[in-house]
Amino acid sequence: MQSLASMLDWIYSNKIVFSLLSIVLMLLSGFIASIICKYFLLSIVRQFILHRNTNSDDQKKDIRITERLSHIAPVITVYFMSLWIQGLPVGLVEAIHTICAVILIINITILINEMLDITKDAYAKKHGAKSGSIKGYIQIGKIIISSIAVILIIATLSNKSPIIIISSLGAIAAVLMLVFQHTLISLVANIQVSSSNVIRLGDWIEMPIVNISGEVTDIALHTITVRNWDNTISQVPTKNFITETYTNWQPMFESGGRRIKRSFFVDQSSIIFFSDDLLNSLKSYDGEIVNNIKSHIEAKMALPQYKNITNLGLYRSFILDYLKNREDICKDMYIVVRQLSPTSEGLPIEIYCFTSNVFWNEYEETQSEIFEFMYATAIFFKLGIYQKPSGTDIQKSSSIQANSSIDLN
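Residue positions are counted from 1 within each chain, in the order its sequence is given. Owing to the predicted nature of the model, reporting of local features is limited to residues with pLDDT of at least 70; listing and counting of side-chain atom pairs is limited to 80 or more, with chain, interface and lining totals taken over all residues. Computation of side-chain values: all heavy atoms of the structure, hydrogens and water removed.

A.B. asks: Can you help me understand the overall build of the protein in this one?
C.D. replies: Only DSSP runs of H or I covering at least 4 residues are called helices, and only runs of E covering at least 2 are called strands; the numbering of each starts at the N terminus. Regarding its fold elements, the protein presents 15 helices and eight strands. Only protein chains enter the calculation, and the probe is 1.4 Å; a residue is then buried if its accessible area is under 20% of its type maximum, exposed if over 50%, and partly exposed in between. In the protein, buried positions account for 34% of the 409 residues. Here the protein displays about 25000 Å² of accessible surface, and carbon together with sulfur accounts for 61% of that area. Accessibility throughout is a Shrake-Rupley quantity obtained with a 1.4 Å probe, and a residue counts as covered only by protein chains that appear here.

A.B. asks: Where do I start with unusual backbone geometry in this structure?
C.D. replies: Outside of glycine, negative phi angles account for most residues, and trans bonds account for most peptide bonds. Despite not being glycine, Asn211 has its phi angle at roughly 60°, a positive value. As for its position among the elements, Asn211 is in the loop between β1 (204–207) and β2 (212–219).

A.B. asks: Where do I start with the sheet that holds strand β4 (residues 233–237) in this structure?
C.D. replies: Backbone hydrogen bonds are what pair the strands of a sheet, in a parallel or an antiparallel way. Strand order in this open sheet of five strands is β4-β3-β2-β1-β5, and the pairing throughout is antiparallel. The open sheet has two free edges, formed respectively by β4 and β5 (247–248), since each of these has just one partner strand. Bridge count between β1 and β2: four bridges; the pairing is antiparallel. The residue of β2 that forms the bridge with Ile205 is Gly214. What makes two strands pair is DSSP finding at least two bridges between them.

A.B. asks: When you look at the pairing of strand β8 (residues 347–355) in this model, what are you seeing that I'm missing?
C.D. replies: Looking along a regular strand, one sees side chains alternate from face to face of the sheet. In terms of residue burial, β8 counts as a mostly covered element, since nine of its nine residues are buried. Burial along β8 is two-sided: Leu347, Ile349, Ile351, Cys353 and Thr355 and Pro348, Glu350, Tyr352 and Phe354, pointing in opposite directions, are all buried. In terms of strand pairing, strand β6 (residues 258–266) meets β8 through nine bridges, oriented antiparallel. Across the sheet, residue Ile260 finds its bridge partner in β8, namely Cys353. Pairing analysis gives four bridges linking strand β7 (residues 336–339) to β8, with the strands arranged antiparallel. Bridge pairing in β8 links Gln339 to Ile349.

A.B. asks: Hey, could you run me through the packing of helix α12 (residues 288–301) against helix α13 (residues 311–324) in this one?
C.D. replies: Between two packed helices, the angle of one axis relative to the other and the distance separating the axes together describe the packing. Between α12 and α13, whose axes approach to 10 Å, the crossing angle comes to 115°. Note on packing geometry: the crossing formed by α12 with α13 is right-handed. Residues Asn292, Ile293, His296, Ile297, Lys300 and Met301 of α12 touch α13, and the partners they reach there are Leu314, Ser317, Phe318 and Asp321. All amino acids are sorted into three groups, where Ala, Val, Leu, Ile, Met, Phe, Trp, Tyr, Cys and Pro are nonpolar, Asp, Glu, Lys and Arg are charged, and the leftover types, Gly among them, are polar. Here the contact of α12 with α13 is composed, by residue class, of five nonpolar, three polar and two charged. Every angle, taken between N-to-C directions, lies between 0 and 180 degrees, and every axis is a line fitted to C-alpha atoms, over only the stretch in contact when it is a helix. Crossings are classed by handedness, with left-handed meaning an anticlockwise turn of the near helix from the far one by less than a right angle and right-handed meaning a clockwise turn. We call two residues in contact whenever any of their non-hydrogen atoms come within 4.5 Å of each other.

A.B. asks: What should I look at first to understand the side chain of Arg326 in this one?
C.D. replies: Examined against the element boundaries, Arg326 turns out to sit in the loop between α13 and β7. Counting of polar contacts relies on pairs of N or O atoms within 3.5 Å, with two restrictions inside protein: one atom must be capable of donating a hydrogen and the other of accepting it, and residues adjacent in sequence are counted only when both atoms are side-chain atoms. At 2.7 Å, the side chain of Arg326 and the side chain of Tyr322 are in polar contact.

A.B. asks: I tried to follow the environment of Arg316 on my own but got confused; where do I start?
C.D. replies: The topology assignment puts Arg316 in helix α13. Arg316 sits in the partly exposed class, given a relative accessible area of 27%. As for Arg316 and Val337, which are separated by 21 residues in sequence, their C-alpha atoms are 6.1 Å apart. Sequence-distant contacts of Arg316, defined by excluding residues within four places in its chain, comprise Val337 and Gln339. A distance of 3.5 Å separates a polar atom in the side chain of Arg316 from the backbone oxygen of Val337.

A.B. asks: How should the sheet that holds β8 be read in this particular structure?
C.D. replies: The antiparallel open sheet is built from three strands, whose spatial order is β6-β8-β7. Every other strand in the sheet has two partners, leaving β6 and β7 as the edge strands with one partner each. Adjacent strand axes in the sheet meet at a mean angle of 15°, parallel and antiparallel pairs treated alike. Here α13 sits on the sheet in contact with β6, β7 and β8, set at roughly 155° to β7. Sheet strands in contact with helix α14 (residues 360–377) are β6 and β8, and its direction is about 30° off that of β6.

A.B. asks: Mind showing me how you'd approach the pattern of salt bridges here?
C.D. replies: Two side chains carrying opposite charge are able to pair once their charged atoms lie near each other. Take a side-chain nitrogen of Lys or Arg and a carboxyl oxygen of Asp or Glu: if they are within 4 Å of each other, that pair is a salt bridge. Under the counting rule described, the total for this entry stands at five salt bridges. Taking the shortest distance from any N to any O, the salt bridge between Lys261 and Glu350 comes out at 3.3 Å. One end of the pair, Lys261, is in strand β6; the other, Glu350, is in strand β8, with 89 residues separating them in the sequence. Lys261 sits in the partly exposed class, given a relative accessible area of 41%. Two residues, Glu369 and Arg326, come together in a salt bridge whose shortest N-O distance is 2.9 Å. Here the residue Glu369 occupies a position in helix α14, and Arg326 occupies one in the loop between α13 and β7, the gap between them amounting to 43 residues. Residues participating in the shared-partner salt-bridge network are Lys261, Arg338 and Glu350.

Here's what the structure looks like:
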């Protein structure tokens, strides 16, 4: 006992050894506090805060929160141990308090940012991917929290009031605005995009000026990420969505009807008045489609308003009835078969309607079926589909002229 007492007296008398042993004791206490938090606090958090979640995502949240709390507990332990141990040099105590304060501010900042991320994940899980993204607001919150943390750290290290630090920032506000001008612009743009709800996660957007067409996968403060249809990833500055022209196709999907607007050219020289001779010429054909055409023409020709009508007029009314009878064409939206202004390539005939097949592959299949049917049935109305002569057409024409010359000779 005397040797132990003499050793303690020697330790107390030697300031350097006493300080080193005190530091080791404080670090050991902090390590024990960290172990306790990491292994025992998880069950407490799960029981009293997160209500014993069994979902794997919720368990990950438990672990993330516990890890951050386990980093805070040792700092608090070391701080109070430095107050409890008597006889430490004043300079060492102040240094320990300063270091603990800085580490505590950093850990609390990280914990708050972690809680903001958890809030974002919980919001997306509750409201779904189609809801407005709050990632931009979360990033704004992180910037504010981090800025406050930096001010508090500077105030702690300089031993000055945070109010003095904040007031001194007014002198460099112009420099800060210049440095963070893109962040400020992105902040305004993100607020406008998020509040107006014009873009949501999962929307199909198209921005021709930068050759982007695909699905929105992420809406952040500075950028909006788009997965293009060729599986490439594009990141567009958020401010571009308030300064550049773009198209959001998502309302089209939600309306249930996708527009078909396409035209083809009819040879104007093939447009004639429809007569009985043309109707009789259909008798040389056979099949269900021809019978439908015959019935349609006979029904239309019996109406007074269809007297002296052209073969093109009957063809347009036939195609219009064909579209109205298709199950994949929306009957409560526009269905129009019309002429456009004549061009040197012929008379454009445009189809304007909406199909219930809004997805790309079904939409293209429907559009192709309609125009293939139009091309195939135009011949029964004695209409010619115009196309520019190709090299084969010119070669055939030259061969015919050459054979005619030989026959004449």
